[in-house]
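Inside the fold
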Amino acid sequence: MHHQDPYEIWLRNLEQIDDNEELARTLHKDNEFPNGDPRVVALFRRATSGSGYYSQLLQAYFEPV
């Protein structure tokens, strides 16, 4: 049986979230920060592009990413 990296699974799950506000809420809940990984940075850019509460909250802390 092939062991899958939990970080990779987590990233794939986040990348499947279509709603930017839900993505922002999930990143906030997971206490995740842009860490230099291009995939995480792309997720933050998408999450902070919204106008909802969590999108704005992440914008205030992490712009520009």
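In case you missed it, the structure is sitting above this.
Description of the structure in this document. (Residues numbered from 1 in each chain as written. Predicted model: local features only at pLDDT ≥ 70, side-chain atom pairs only at ≥ 80, totals over all residues. Heavy atoms only, no water.)

Moving on, we get to the pattern of salt bridges. One pass over the full model with this rule turns up four salt bridges. One salt bridge connects R25 with E22, and the closest N-O pair in it is separated by 2.8 Å. Remark: E22 and R25 occur in helix α2 (residues 20-29); sequence separation between them is three residues, near one turn of the helix. On the basis of relative accessible area, R25 is assigned to the partly exposed category, the value being 30%. In this structure, K29 engages D30 in a salt bridge whose closest nitrogen and oxygen atoms are separated by 3.4 Å. Since its relative accessible area comes to 31%, D30 is described here as partly exposed. (Salt bridge = Lys/Arg side-chain N within 4 Å of Asp/Glu carboxyl O. Helix = DSSP H or I, 4+ residues; strand = E, 2+ residues; numbered from the N terminus. Buried < 20%, exposed > 50% of the residue type's maximum accessible area, 1.4 Å probe, protein only.)

What follows covers the packing of aromatic side chains. One pair of aromatic rings is described through two measures. These are the centre distance and the angle between the planes. Using the criterion set out here, one finds two aromatic pairs in the structure. Centroid distance Y53 to Y54: 5.0 Å. Interplanar angle 85°. Geometry classified as edge-to-face. For Y54, a relative accessible area of 26% corresponds to the partly exposed category. (Phe/Tyr/Trp six-rings, centres within 6.5 Å; stacked < 30°, edge-to-face > 60°.)

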